[in-house]
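Observations on the model geometry
The lines below spell out each chain.
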Amino acid sequence: MKLTDLNRHGGVGASCFYVQLGELHLVIDCGLHPKKTGRGAMPDFAPLRGVTLDLIIITHCHLDHIGSLPVLLRDQPRAPVIMTQPSHMLIERMLHNSASVMERQRAEDNIPDYPLFTHAEIERHAGRFTPLAYGHAKKFRGAHDDLEIIFHQAGHVAGAAGVELRHGGRRYFFTGDVQFEAQRTCPAARFPVDHFDLLVTETTRGDTERPAGKERAQEVARLVETINQTIQRGGSMLIPTFALGRMQEILSIVHDARRFGRLVDCPIYASGLGVDLCDYYDDIARQTKQVEFSRQILKDLKVHHLPRKLVPGRLPSEGALYVVSSGMVVERTPSYMVAAALAGQARHTLGFVGYCDPDTPGGQLLAAKLGEPFLFHKIDIKTSLKARIERFELSGHADRDELVDFAVHCRPRVIFLNHGDPPARAWMAQTLGARLPKARIVDPVPLHRYQV
Ligand SMILES: [Zn+2]
Ligand SMILES: [Zn+2]
């Protein structure tokens, strides 16, 4: 196998691997960098020039895994795109939303490259999106070679898959984004306990040690308690979430608390795409039974749509809970507007429940100290940071020790690190090196072709 990481900036970045297996040419994931803008946010497709891809595989529908797909499809008019059934239900909605956001950014932020693709292009390519059930070995025949693909349940979000490839008597495994622990809406990952020649593992939380006493159930209780305390002292609480996955998870947790009488009465706001995806989660739950969610949750909680146009510094309601995207508080998103309105007053709380790139406003808020000045520069709001900032260990990503344990079970000859900031990759490389002294551990240099 030859493997090239096309994620040009490293870090979590824009997931995209070019895989050459015998006579077959594959791409696994084709993301967009969550922080960068313009064409520089895409993977570097230079190694694919002149290559006709046989197949494209998608692990799940977060934009850091699919956000550049229509651009790649433009140059690869024949390759089918394989994904799980829930991903097949979500992918067009996610891409259309991305195109709409880019259209807005083109005008607001003066990014002439945007949109990178159009709504019409998404529709043109949609016929190539092909669902494949979990656990089903699918034989793929190219002109001169063939391989088998098996998707394994990866937890994380609806439709997330670890990808097993079998070719020429060898077996390869790509974790994609994975959560080994069951969440409220998603079951735990079910990865095979087996030998693989190569393992490509995500490393998102490689730099995060879960403190003792922060097990999921305790963190859920602490989250609910924090919401209650904030509302009772007259404040509002922001929980920035990804629209896909984290928002449905948090709304389910809040709904449980309300049902069991543990949540104070307060208005709850959620933002557009996330509310829409609640309907998709409901459909996925009914049709595939692979997540647990019902659109009734929105009705029971009387969830209000956060208006798209907000006056900087003003919110529609005091003493409210805001479960809004983006999870990383990226500029001009609903969570950015809400954070800007809440950050300057001590009665409010900003509660983070997932990964934030350190260069995003979310990452900067997590790193900032109380009383420091904080600038929301896109809307010209400068505050001194007074709101309570909390982090809850409710991630959709596996703990680092679980990732290491899985790698040890696989007994791979070669491990590639993926989807993690440099300190996360460094911890994983060191720990895996100690646990698997015979394995070759590679933190890939972007665009370098490795022979495995
Ligand atoms: Zn993801
Ligand atoms: Zn990801």
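Look above for the structure.
So, here's what we can say about the structure. Just so it is clear, the model here is predicted, and its values are computed rather than measured. (Residues numbered from 1 in each chain as written. Chains lettered and ligands numbered in written order. Predicted model: local features only at pLDDT ≥ 70, side-chain atom pairs only at ≥ 80, totals over all residues. Heavy atoms only, no water.)

**Focus: the coordination of the zinc ion (ligand 1)**
We count it as follows: Because no water is among the atoms considered, metal sites can look incomplete, with donors defined as N, O and S atoms within 2.8 Å of the metal, or 3.2 Å for Na, K and Ca. The rule is simple: four donors are tetrahedral if all their angles sit between 85 and 135 degrees, four are square planar and six octahedral if opposite donors span more than 155 degrees and the others lie between 65 and 115, and anything that fits none of that is irregular.
In the first shell of the zinc ion (ligand 1), the protein supplies His 60 (NE2), His 62 (ND1), His 156 (NE2) and Asp 177 (OD), at 2.1 to 2.3 Å from the metal. Classification of the site at the zinc ion (ligand 1) as irregular follows from its 4 donor atoms and the range of 91 to 165° in their angles at the metal. Along the chain, the residues donating to the zinc ion (ligand 1) fall in the pattern H-x1-H-x93-H-x20-D. If you look at the zinc ion (ligand 1) and the zinc ion (ligand 2), they sit 3.3 Å from each other and are both ligated by Asp 177.

**Here's the deal with the sheet that holds strand E3 (residues 24-28)**
Put simply, the rule reads: Here, any two strands with at least 2 DSSP bridges between them count as paired. For helices the rule is a DSSP run of H or I covering at least 4 residues; for strands it is a run of E covering at least 2, with both sets numbered from the N terminus onward. Only the stretch in contact is used when a helix axis is fitted, and all axes are lines through C-alpha atoms; the angle between N-to-C directions ranges over 0 to 180 degrees. Between two residues, a contact is recorded if the distance between any of their heavy atoms is within 4.5 Å.
Read across the open sheet, the 7 strands follow the order E6-E5-E4-E3-E2-E1-E22; overall the sheet is mixed. The sheet is open, and its two borders are formed by strand E6 (129-131) and strand E22 (449-451), each paired with just one other strand. Ignoring which end each strand starts from, the neighbouring axes of this sheet average 25° apart. The sheet contact formed by strand E4 (residues 55-57) and strand E5 (residues 81-83) spans 2 bridges and is parallel. Bridge pairing links Ile 56 to Val 81 in E5. Where helix H3 (residues 85-108) meets the sheet, its contacts fall on E5 and E6, and the angle it forms with E6 comes to roughly 155°.

**Let's talk about H3**
Here is the rule: A helix is expected to reach a length of 1.5 Å times the quantity of its residues less one. For the exposure calls, accessible area comes from a 1.4 Å probe over protein chains only, and a residue counts as buried if that area is under 20% of its type's maximum, exposed if over 50%, partly exposed in between.
Under the 1.5 Å per step criterion, the end-to-end length of H3 is 36 Å for 24 residues, consistent within 8% with the ideal 34 Å. Within the sequence span of H3, burial applies to Pro 86, Ser 87, Leu 90, Ile 91, Met 94, Leu 95, His 96, Ser 98, Ala 99, Met 102 and Gln 105. Buried residues along H3 sit in contact with helix H1 (63-66), helix H2 (69-75), E5, helix H4 (119-125), E6 and helix H7 (272-288). Asn 110 lies just past H3 and shows a positive phi near 55°.

**Remarks on the pattern of salt bridges**
In plain terms, the rule: A carboxyl oxygen of Asp or Glu within 4 Å of a side-chain nitrogen of Lys or Arg is what we treat as a salt bridge.
A full pass over the atoms with the stated rule returns 31 salt bridges. In this structure, Glu 390 engages Arg 222 in a salt bridge whose closest nitrogen and oxygen atoms are separated by 2.9 Å. Of the two residues, Glu 390 sits in strand E19 (residues 388-391) while Arg 222 sits in helix H5 (residues 216-232), which places them 168 residues apart along the sequence. Given a relative accessible area of 17%, Glu 390 falls into the buried group. When the shortest N-O distance is used, the salt bridge between Glu 318 and Arg 347 registers 3.1 Å. Of the two residues, Glu 318 is situated in the loop between strand E14 (304-305) and strand E15 (321-324) and Arg 347 in the loop between helix H9 (334-342) and strand E16 (349-352); the sequence distance between them amounts to 29 residues. Judged by relative accessible area, Glu 318 falls into the exposed class, the value being 57%. The partly exposed category is assigned to Arg 347, whose relative accessible area is 29%.

**Quick word on the coordination of the zinc ion (ligand 2)**
The protein atoms that coordinate the zinc ion (ligand 2) are Asp 64 (OD), His 65 (NE2), Asp 177 (OD) and His 419 (NE2), at distances spanning 2.1 to 2.2 Å. All donors to the zinc ion (ligand 2) come from one chain, and their sequence spacing reads D-H-x111-D-x241-H. Among the residues examined, Asp 64 registers a relative accessible area of 13% and is labelled buried. A relative accessible area of 2% places His 419 in the buried class.

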